[in-house]
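Geometric and topological summary
For reference, the chains in residue letters:
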Amino acid sequence: MSKYDSMSQELKDYANKRIEESGIVMVPGHYPLFKSKEQVDKWIKMNQEAFEMYFAEDD
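Attention in this report is confined to the structure presented alongside it.

Cut-offs used in this document
Residues numbered from 1 in each chain as written. Predicted model: local features only at pLDDT ≥ 70, side-chain atom pairs only at ≥ 80, totals over all residues. Heavy atoms only, no water. Helix = DSSP H or I, 4+ residues; strand = E, 2+ residues; numbered from the N terminus. Expected span 1.5 Å × (residues − 1). Contact = heavy atoms within 4.5 Å. Patch = residues over 30% accessible without salt bridge, like charges linked within 9 Å, V, L, I, M, F, W, Y side chains within 5 Å. Areas by Shrake-Rupley, 256 points an atom, 1.4 Å probe, with all protein chains shown as cover. Salt bridge = Lys/Arg side-chain N within 4 Å of Asp/Glu carboxyl O. Phe/Tyr/Trp six-rings, centres within 6.5 Å; stacked < 30°, edge-to-face > 60°. Buried < 20%, exposed > 50% of the residue type's maximum accessible area, 1.4 Å probe, protein only. Lys NZ or Arg CZ within 6 Å of the ring centre and 35° of its normal. Axes fitted to C-alpha atoms, helices over the stretch in contact; angles between N-to-C directions. Parallel < 35°, antiparallel > 145°, perpendicular 65-115°, else oblique. Left-handed = near helix turned anticlockwise from the far one by under 90°. Nonpolar A, V, L, I, M, F, W, Y, C, P; charged D, E, K, R; others polar.

This next bit is on helix α2 (residues 37-56). The first and last C-alpha atoms of α2 sit 28 Å apart over 20 residues, in line with the 28 Å expected at 1.5 Å per residue. Residues of α2 that are buried sit in contact with α1 (9-22).

Structure representation (structure tokens):
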């Protein structure tokens, strides 16, 4: 049994799609249990902003 079994299939599919679209490589199973699509979007945004801030330091 996976910890992700508590998420609906629709939410798993949405999360996987959004993670793939984000361009950030994420190892499957290394992201939180999401409760909603809004939470997925917020998490993606947070990760994108963190990557942008990190790589902006190299400029």
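Moving on, there is more to tell.
We now examine a nonpolar patch on the surface. A grouping of Phe-51, Tyr-54 and Phe-55 is seen on the molecular surface, where their side chains present a nonpolar patch of about 340 Å² in accessible area. Mapped onto the fold, Phe-51 is located in helix α2.

Counted according to the given criterion, the structure contains five aromatic pairs. Here the aromatic rings of Phe-34 and Trp-43 are separated by 5.5 Å at their centres, their planes lie at 65°, and the arrangement is edge-to-face. What makes Phe-34 buried here is its relative accessible area of 4%. Residues Tyr-54 and Phe-55 carry aromatic rings whose centres are separated by 4.9 Å and whose planes lie at 85° to one another, so their mutual orientation is edge-to-face. Take Phe-55: its relative accessible area is 46%, and that puts it in the partly exposed class. By way of ring pairs, the aromatic residues Tyr-31, Phe-34 and Trp-43 are connected into one cluster. The residue whose ring lies beneath Lys-37 is Tyr-14, and the NZ or CZ to ring-centre distance is 5.2 Å.

The packing of two helices is summarised by the inter-axis angle and the distance between the axes. As a packed pair, α1 and α2 sit with axes 10 Å apart at the nearest point and diverge in direction by 20°. When the axes of α1 and α2 are compared, the pair comes out roughly parallel. Crossing handedness for the pair α1 and α2: right-handed. For the pair α1 and α2, the contacting residues are Glu-10, Leu-11, Tyr-14, Ala-15, Arg-18, Ile-19 and Ser-22 in the first and Lys-37, Val-40, Asp-41, Trp-43, Ile-44 and Gln-48 in the second. Within the contact of α1 with α2, the residues separate by chemical class into seven nonpolar, two polar and four charged.

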